[in-house]
Amino acid sequence: VTKTVGSGGDFVTLTEALNWCKTLIPMSFKVTITIKSGTILYDENIQLYNVDLSFVTIDMENDEILQIQLSSNNPIYKYFISARDSVTPYLNIGGIKYIGAYEGGGIALRNSKGYTGYLFNSIEFVEAGFWIYDNSELTCDDRVSIKQFSYQAISVTNSKLICDNI
């Protein structure tokens, strides 16, 4: 099953698309959520609590960099995906660019599992890439590259980071 996010897509926001995925009972199918070319996610901070979205892949049309616009009404610091007691979707995106944010981050996991294939080499305004703690596990495929962080690229506490090429 493939769904799209953005102008003219199946969902306006990524949050709406993931909320729809939460209602599904995955059997043997996979869901791909494609963020349409030119889409900017506004104030989206994906928070997952006690949910398994391992059957979901998030990707970008034309391998573009994901752009996230944060307003001044939100806390200064956010992660793109924060998960607690969950399994995150697989991220297959070319990178993240924060617009209008002093700080932003990639993935925060607490007692959760995550999977990523996205390249961190084109992120802007990023405080931390991976924050993995409290019995969590993050598996990165061989395309993950981490560069350009102002504070820390990876923080792992009582958890596992599994990467072939980092």
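Residues numbered from 1 in each chain as written. Predicted model: local features only at pLDDT ≥ 70, side-chain atom pairs only at ≥ 80, totals over all residues. Heavy atoms only, no water.

### As for the sheet that holds strand E8 (residues 87–92)
This is how it is decided: Strand pairing is assigned whenever DSSP detects at least two bridges linking the two strands. Strands are runs of DSSP state E lasting at least two residues, helices are runs of H or I lasting at least four, and both sets are numbered from the N terminus onward. In this analysis an axis means a line fitted to C-alpha atoms, helices contributing only their contacting stretch, and an angle means the value between N-to-C directions, from 0 to 180 degrees. Every residue pair with non-hydrogen atoms within 4.5 Å of one another is taken to be in contact.
What the 7 strands build is an open sheet, ordered E1-E2-E5-E8-E11-E13-E15; its pairing is parallel. The two strands at the open ends of the sheet, each matched to only one other strand, are strand E1 (2–5) and strand E15 (160–163). Neighbour-to-neighbour, the strand axes of this sheet turn through a mean angle of 20°, independent of strand direction. One ladder, built from 4 bridges, connects strand E11 (residues 113–116) with strand E13 (residues 137–140); its direction is parallel. Paired with Gly-114 across the bridge in E13 is Leu-138. Across the face of the sheet, helix H1 (residues 14–22) comes into contact with E1, strand E2 (31–35), strand E5 (56–60) and E8 while running at roughly 175° to E2.

### Examining the confidence of the model for the protein
In plain terms, the rule: The predictor attaches a confidence to each residue, called pLDDT, with possible values from 0 through 100.
With 73% of its residues at a pLDDT of 70 or more, the protein has an overall mean of 79. Here strand E9 (residues 96–99) stands out as the least confident element of the protein, with mean pLDDT 69; E1 is the most confident, with 96. Counted against residues more than four places away or in other chains, residues 121–125, with its pLDDT under 50, gives 17 contacts.

### Some thoughts on the pattern of salt bridges
As a reminder of what qualifies: The term salt bridge refers to a pairing of a side-chain nitrogen on Lys or Arg with a carboxyl oxygen on Asp or Glu at a separation within 4 Å. The buried label applies to any residue whose accessible area, calculated with a 1.4 Å probe on protein chains only, is under 20% of its type's maximum; exposed applies above 50%, and partly exposed to all values in between.
Tallied over the full model, the rule gives 2 salt bridges. As a salt-bridge pair, Arg-110 and Asp-134 come within 2.8 Å of each other at their nearest N and O atoms. Highlighted residues: Arg-110 in strand E10 (residues 105–110) and Asp-134 in the loop between strand E12 (128–133) and E13, separated in sequence by 24 residues. Since its relative accessible area comes to 29%, Arg-110 is described here as partly exposed.

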